[in-house]
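# Coordinate inspection notes
Here's the letter readout for the chains.
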Amino acid sequence: MINKRIFLKTVAAAAMATAGMGSALAADITGAGASFPYPIYGKWAEAYKKETNVGLNYQSIGSSGGIRQIKAKTVAFGATDAPVSGEDLDKDGMVQFPAIIGGTVPVINLEGFKPGELRVTGPVLADMFLGTITKWNDPKLAALNPGKALPDQAITVIHRSDGSGTTFNFTDYLSTVSKDWADKVGKGAAVKWPAASSVGGKGNEGVAANVSRVKGSLGYVEYAYTKKNNMPFLQLQNKDGKYVSPDDKSFAAAAAGVNWFSVPGMGVSMVDAKGADSWPISTASFILMYKQPTDKAQSAEVLKFFDWSFKSGKQMAADLDYVALPDSLTNEIRSKVWSQIQK
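The notes below deal with the structure included here. (Residues numbered from 1 in each chain as written. Predicted model: local features only at pLDDT ≥ 70, side-chain atom pairs only at ≥ 80, totals over all residues. Heavy atoms only, no water.)

Attention shifts here to empty space enclosed by the protein. This structure, assessed with the given rule, holds one cavity of 30 Å³ or more. The volume enclosed by the largest cavity comes to roughly 30 Å³. Taken together, Trp44, Ala99, Ile100, Ser309, Phe310, Ala324, Leu325 and Thr330 form the lining of the largest cavity. Listing elements by their share of the lining of the largest cavity, those giving two or more residues are strand 4 (94-108) and helix 12 (296-312). Among the residues making up the lining of the largest cavity, the classes are represented as six nonpolar, two polar and no charged. (1 Å grid on protein atoms, 1.4 Å probe; cavity = no way out; pocket = protein on both sides within 12 Å on 5 of 7 lines; lining within 4 Å. Points joined across faces, edges and corners; volume = space filled by probe spheres on them. Helix = DSSP H or I, 4+ residues; strand = E, 2+ residues; numbered from the N terminus. Nonpolar A, V, L, I, M, F, W, Y, C, P; charged D, E, K, R; others polar.)

Written as structure tokens, this is what we have:
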């Protein structure tokens with residue numbers, strides 16, 4: 001088992017190492033936003049630094065923070081898992097494109113249960129986060145897990161305390177599969193969590209840490225945090241009625257039928273996607289940049305970084321169970337999106 005603190009320190013160190021010192025600092029790239037892609041951006045940055053001597057200073061502050069930073073023009077790119085609308089992109093003079101695909105995963109701290117051993121449907125998961133299911137041995141959970149010795153233990157909901165694209169996608173899913181959730185809570189980067197017993201955590205890092213700490217807890221994090229911390233997760237029933245586990249194959253299955261340019265800004269939702277192998281809370285993480293950047297040299301370096309990552313970072317993405325974008329899509333991003341950025 002990989003200690004969660006060691007993992008997070010390793011990722012942080014990799015990202016910080018890319019920040020550079022002295023004369024190299026001027027060329028380094030600045031970005032901020034979603035914690036969802038933070039592990040893969042850190043891994044890409046470390047390799048890119050070795051090859052080009054250009055670093056990445058990326059702040060994992062949540063999607064809402066990333067949008068605020070790029071609007072304030074304090075970074076060269078913002079990162080968000082909650083896509084910005086085409087109307088807002090046009091108003092602010094920005095473009096948006098997906099950089100990586102992954103999945104949000106319900107994780108638990110329940111003694112005696114291995115990853116994927118317990119199953120839930122979307123509506124039952126929503127009831128757990130609503131606080132209408134308050135114990136692990138609730139009849140609805142027992143019915144989905146015959147033969148399992150579910151404990152008479154209270155459920156503590158762990159959620160994001162910051163504005164988060166992970167929360168946006170998770171609540172988008174819950175709203176899709178549960179009318180109760182849609183009516184009472186809805187979707188958003190930040191929502192009012194209704195469960196009486198709940199604890200907030202900052203970033204995917206904070207949620208993962210709190211789930212690992214609180215016995216009987218239930219939270220949601222990006223899969224890289226689940227995998228590296230060896231956190232038990234729940235299997236989910238997908239739109240086709242199949243129970244699936246999260247991994248790069250189930251995320252890729254969800255992304256297979258996506259028409260990225262059907263929505264302005266490429267902000268397509270992949271939640272509750274069709275397909276027997278599809279993970280139902282799959283998502284993309286997006287990059288925001290200005291069409292007419294204040295610092296053209298810095299903007300050009302951002303495009304070089306993502307160009308390199310798209311071409312050379314596929315295996316690194318797979319190692320962390322993200323899904324790299326296919327070449328056909330990255331070629332379209334270069335021709336249709338990057339061409340709008342003034343050089």
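This part is about helix 3 (residues 63-71). Buried within helix 3 are the following residues: Ser63, Gly65, Gly66, Gln69 and Ile70. Buried residues in helix 3, looked at end-on, bunch into an arc of 155°, giving them a common side. The inward-facing, buried residues of helix 3 abut strand 1 (29-33), strand 2 (56-60), strand 3 (77-80), strand 4, helix 7 (165-177) and strand 11 (282-290). Residue Lys73 follows helix 3 closely and has a positive phi angle near 60°. (Buried < 20%, exposed > 50% of the residue type's maximum accessible area, 1.4 Å probe, protein only. Arc of directions from axis to C-beta. Contact = heavy atoms within 4.5 Å.)

In this structure the tally under the stated criterion is 21 aromatic pairs. Ring centres 6.0 Å apart and planes at 25° place the aromatic pair Tyr41 and Trp44 in the stacked group. Of the two residues, Tyr41 and Trp44 are both situated in helix 2 (residues 38-52); the distance of three residues between them amounts to about one turn of the helix. The two residues Tyr41 and Trp44 agree in class, both being buried. These aromatic residues form a ring-pair network of at least three members: Tyr38, Tyr41, Trp44, Tyr48, Tyr58, Phe77, Phe97, Phe305, Phe306, Trp308, Phe310 and Trp338. (Phe/Tyr/Trp six-rings, centres within 6.5 Å; stacked < 30°, edge-to-face > 60°.)

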